[in-house]
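Per-entry structural report
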Amino acid sequence: MSTAKRTGAPSPELHAADSHDLIRVHGARVNNLKDISIEIPKRRLTVFTGVSGSGKSSLVFDTIAAESQRLINETYSAFVQGFMPTLARPEVDVLDGLTTAISVDQRRMGGDPRSTVGTATDANAMLRILFSRLGKPHIGPPSAYSFNTASVHASGGITVERGAAKTKTVKATFNRTGGMCTRCEGRGSVSDIDLTQLYDDSKSLAEGAFTIPGWKSDSQWTVQVYAQSGFVDPDKPIRQYTKKELRDFLYGEPVKVKVNGVNLTYEGLIPKIQKSFLSKDKESLQPHIRAFVERAVTFTVCPECEGTRLTEGARSSKINRKSIADACAMEIRDLAEWVRGVKEPSVAPLLTALQQTLDSFVQIGLGYLSLDRASGTLSGGEAQRVKMIRHLGSSLTDVTYVFDEPTAGLHPHDIQRMNNLLLQLRDKGNTVLVVEHKPEVIAIADHVVDLGPGAGTAGGTVCFEGTVQGLQGSDTITGRHLDDRASLKEEVRKSTRALEIRGATANNLQGVDVDIPLGVLSVITGVAGSGKSSLVHGSIPTDEGVVSIDQSPIRGSRRSNPATYTGLLDPIRKAFAKANDVKPALFSANSEGACPTCNGAGVIYSDLGMMAGTATTCEDCGGKRFDASVLEYRLGGRDISEVLAMPVTEAEEFFGSGEAHTPAAHKILERLADVGLGYLTIGQPLTTLSGGERQRLKLATHMGDKGGVYVLDEPTTGLHLADVEQLLGLLDRLVDSGKSVIVIEHHQAVMAHADWIIDLGPGAGHDGGRLVFEGTPADLVAARSTLTGEHLAAYVGG
């Protein structure tokens with residue numbers, strides 16, 4: 001086969017391999033997408049815009065990235081696919097020109113206490129190898145420095161079978177040196193149960209000593225097990241128990257006892273509480289149970305390992321006077337300098353790789369973190385940037401990187417740095433797809449796709465496709481609002497009282513003294529890592545007057561929906577029951593009213609092993625989820641499935657007057673409409689909601705809480721430019737109704753709209769944690785004394 005000569009002249013014809021420069025999507029119908037078709041240029045930066053709920057994530061993550069992942073999985077053998085998650089093909093007619101997709105989304109990282117920034121990025125693994133090679137004294141292999149590995153020592157006889165020969169017992173020993181602290185089992189903290197929250201020791205069991213939720217009834221089986229166990233005297237006050245009685249009562253081993261002729265298991269109160277309440281995810285507990293757990297359980301730093309999670313041996317082994325615990329506790333930018341000072345040719349490749357990883361943290365704006373930071377405590381934006389670490393130094397090209405609002409949680413000062421990273425990935429020959437609302441990111445796009453025009457059923461179409469300049473000139477919602485700038489208030493509200501914080505030292509705060517004014521809109525700002533959340537969540541007393549709405553994710557299965565999450569379904573069920581003189585449980589698809597064929601799911605799931613499972617609409621209920629007999633009951637001429645299919649605005653009108661008038665339901669629906677979720681169907685599964693929609697759903701739920709002070713953590717996350725204006729109106733209404741609103745925020749529109757600004761900094765980590773400004777937005781713009789002041793001044797044109 002001859003090889004054509006290369007010449008300097010351009011090729012007269014395009015090579016066939018170079019013709020695949022587009023990702024073609026035709027007929028996409030995932031979630032609310034309305035049969036859309038677009039062409040996305042490869043090796044370019046494409047930004048997807050549109051109001052929250054318009055279909056951006058459905059197109060980018062659930063269609064393009066999902067199909068790429070599914071096709072890659074299909075290249076593995078059937079045996080390997082059996083161990084991988086099965087993915088269904090997205091609803092789309094044609095997807096052409098796909099490349100390997102790497103999704104970097106905002107999903108929180110594992111909340112397990114043993115998951116840290118170090119374990120999530122392999123930096124910890126490299127440090128362990130480094131200490132196992134160079135640490136003095138030498139204590140063992142890398143596992144000896146791991147707080148996730150327990151030491152194991154075993155010996156005994158093992159049976160060996162050798163072909164037709166007789167079996168033979170051989171003595172064997174097994175040893176593994178681990179670095180896990182035996183007291184806290186690598187968690188860094190130990191839990192202690194406050195016994196005064198479990199019972200009143202001045203009373204006997206017969207007098208109802210238990211103060212545990214659900215344990216107050218004398219007829220309750222759990223209470224009867226203790227009263228009739230024979231281990232304690234049910235008529236004696238608990239404080240008068242002997243040592244043996246108290247030990248059996250609190251720590252007794254499980255044992256069978258007979259209660260009223262029934263065999264039941266008795267075990268001590270402490271292990272019973274741990275199994276019943278503490279082993280469950282706190283977020284999944286009912287509010288009154290969660291409040292009990294928070295009162296009854298205290299977490300303190302492990303006294304044995306002092307919170308390092310490691311054994312004494314692992315802490316004694318050092319390099320240049322630093323143990324691995326010291327290294328993991330350092331800010332990453334300081335750790336990077338320390339690693340540069342380790343000179344040892346025998347581990348040079350390891351040191352180079354570790355240095356590159358640590359430098360990537362600094363480059364991405366996370367140098368203020370430490371490797372021992374629990375990954376569950378990272379914000380959505382921080383978690384997404386940590387996931388980016390492993391891709392920054394990658395040699396892969398022609399990859400499709402998919403990002404979900406990479407600037408979430410970033411101060412305007414840090415956005416330029418993120419833009420540079422996105423452009424760096426593109427310039428290596430990769431296709432970069434970004435779902436984003438910030439004008440600063442939209443401005444660097446090579447190609448823009450605007451979805452809309454509205455949200456939910458009013459969205460799902462392509463409103464604009466082209467350049468940024470074309471978007472600015474278009475008549476789309478994004479185009480009209482792209483140059484929006486909130487102006488400073490001519491007159492700010494005056495506060496008459498304040499929330500005093502004195503000597504705040506949580507995390508990196510350096511003895512901050514500040515008065516947060518009440519009765520006004522206060523904004524806490526500063527660069528990422530400056531101490532904003534530490535000040536608000538760690539220093540403001542969480543009494544009953546404070547309603548805190550943080551960034552923790554909404555948990556819910558495909559059976560959960562806005563009606564169940566907000567408590568809206570309870571008054572609706574009662575209204576149906578009252579109108580038809582039947583039980584409320586009939587109107588729950590998770591209870592007695594469920595269709596018996598699909599158990600109230602609306603679909604029948606078929607598990608096909610290694611193939612993608614299929615979900616087919618239930619033929620008996622037609623996807624309505626309820627038994628046919630339940631659908632005969634009506635309220636205001638509608639059955640329960642028709643009510644759950646209503647958008648919030650229609651349901652608000654339906655329950656507001658007439659035969660279906662239900663004040664309790666109407667009040668909740670009003671709050672949902674207030675936060676801009678009027679288009680949502682009240683029975684829509686939570687799993688189909690976007691990040692911005694979930695955040696606002698949580699806000700609507702908490703607006704019903706009784707409290708005088710609302711604390712919001714970045715409420716603009718996931719909000720389109722047009723929605724920010726609506727949010728500002730909502731915050732004003734809250735303040736005008738007599739509430740105090742404290743917002744942690746980076747969005748300049750919210751800063752400009754504030755009555756009072758508290759700016760922390762000047763930097764992040766140990767360079768932050770100080771109060772650098774407090775006053776009105778106008779004073780901050782006039783002074784321009786901080787990074788926030790400079791960016792706000794540029795934003796308002798001051």
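In what follows, the structure referred to is the one given above.
Bear in mind the structure is a predicted one, so any value in this text is a computation, not a measurement. (Residues numbered from 1 in each chain as written. Predicted model: local features only at pLDDT ≥ 70, side-chain atom pairs only at ≥ 80, totals over all residues. Heavy atoms only, no water.)

Attention now moves to the pattern of salt bridges. In total, this model carries 32 salt bridges according to the counting rule given. Here Glu39 ties to Arg24 by a salt bridge, and the two come within 3.7 Å at their closest N and O atoms. Taken together, the residues Glu39 in strand E2 (residues 36–41) and Arg24 in strand E1 (residues 22–28) connect sequence positions 15 residues apart. The partly exposed category is assigned to Arg24, whose relative accessible area is 23%. For Arg70, the salt bridge is made with Glu74, and the minimal N-O distance between the two is 2.7 Å. According to the relative accessible area criterion, Arg70 is buried, its value standing at 14%. Assessed through its relative accessible area of 47%, Glu74 is described here as partly exposed. When salt bridges that share partners are traced, they join Lys489, Arg493, Asp732, Asp736 and Asp755 into one network. (Salt bridge = Lys/Arg side-chain N within 4 Å of Asp/Glu carboxyl O. Helix = DSSP H or I, 4+ residues; strand = E, 2+ residues; numbered from the N terminus. Buried < 20%, exposed > 50% of the residue type's maximum accessible area, 1.4 Å probe, protein only.)

Together, Tyr76, Phe79, Val80 and Phe83 line one region of the surface with nonpolar side chains, adding up to about 470 Å² of accessible area. Summarising the element assignment, Phe83 is placed in the loop between helix H2 (78–81) and strand E4 (94–96). Assessed through its relative accessible area of 65%, Phe83 is described here as exposed. (Patch = residues over 30% accessible without salt bridge, like charges linked within 9 Å, V, L, I, M, F, W, Y side chains within 5 Å. Areas by Shrake-Rupley, 256 points an atom, 1.4 Å probe, with all protein chains shown as cover.)

With that out of the way, let us pick up the packing of helix H11 (residues 332–340) against helix H12 (residues 348–363). Between H11 and H12, the least distance of the axes is 9 Å, while the angle of their chain directions is 155 degrees. When the interaxial angle is binned, H11 and H12 end up roughly antiparallel. Crossing angle aside, the handedness with which H11 passes H12 is left-handed. Facing Ile332, Arg333, Leu335, Ala336, Val339 and Arg340 of H11, the residues of H12 in contact are Leu351, Leu354, Gln355, Leu358, Asp359, Phe361 and Val362. Counted by class, the contact of H11 with H12 contains nine nonpolar, one polar and three charged residues. (Axes fitted to C-alpha atoms, helices over the stretch in contact; angles between N-to-C directions. Parallel < 35°, antiparallel > 145°, perpendicular 65-115°, else oblique. Left-handed = near helix turned anticlockwise from the far one by under 90°. Contact = heavy atoms within 4.5 Å. Nonpolar A, V, L, I, M, F, W, Y, C, P; charged D, E, K, R; others polar.)

Here Thr786 shows up in the loop between helix H27 (777–783) and helix H28 (787–796). The exposure class of Thr786 is buried, given its relative accessible area of 7%. For Thr786, the contacting residues outside a window of four places in its chain are Asp759, Val772, Phe773 and Leu780.

Turning our attention to helix H23 (residues 663–674). With twelve residues, H23 extends 16 Å from end C-alpha to end C-alpha; this agrees with the ideal 16 Å at 1.5 Å per step. Buried residues of H23: Ala665, His666, Ile668, Leu669, Arg671 and Leu672, and no others. Once H23 ends, the next one or two residues include Gly676, with phi positive near 85 degrees. (Expected span 1.5 Å × (residues − 1).)

Next up on the list: the packing of helix H4 (residues 123–134) against H12. In helix packing, the relevant descriptors are the interaxial angle and the interaxial distance, both defined with respect to the helix axes. Contact pair H4 / H12: the axes reach a minimum separation of 10 Å and the direction vectors enclose 150 degrees. Between H4 and H12, the angle falls in the class roughly antiparallel. Considering the relative orientation of H4 and H12, their crossing is left-handed. Contact residues: H4 offers Ala123, Met126, Leu127, Ile129 and Leu130, while H12 offers Leu350, Leu351, Ala353, Leu354 and Thr357. Here the contact of H4 with H12 is composed, by residue class, of nine nonpolar, one polar and no charged.

Further remarks concern the environment of Val255. Relative to the helices and strands, Val255 resides in strand E9 (residues 255–259). Accessibility expressed as a relative area gives 34% for Val255, which makes it partly exposed. A C-alpha to C-alpha distance of 5.3 Å links Val255 and Tyr266, two positions eleven residues apart in sequence. Residues contacting Val255, with those up to four places away along its chain left out, are Phe231, Leu264, Thr265 and Tyr266.

Next up on the list: the side chain of Arg671. Secondary-structure assignment places Arg671 in helix H23. Sequence-distant contacts of Arg671, defined by excluding residues within four places in its chain, comprise Ala700, Met703 and Gly704.

Moving on to the sheet that holds strand E16 (residues 447–452). Here we have six strands laid out as an open sheet, ordered E5-E14-E15-E3-E16-E17, and mixed in their pairing. Unpaired on one side and paired on the other, strand E5 (101–104) and strand E17 (461–466) mark the two borders of the sheet. Looking at each pair of strands side by side, their axes are set apart by 15 degrees on average, direction ignored. In the sheet, E16 pairs with E17 via five bridges, with the strands oriented antiparallel. Looking at E17, one finds that Val448 is bridged to Gly466. Its contacts with the sheet place helix H1 (residues 56–73) against strand E3 (45–49), E5, strand E14 (400–404), strand E15 (431–435) and E16, and it is angled at close to 135 degrees to E5. Contacts between helix H14 (residues 412–427) and the sheet are confined to E3, E14 and E15, with E15 contributing the most and set at about 150 degrees to the helix. (Pairing = 2+ DSSP bridges.)

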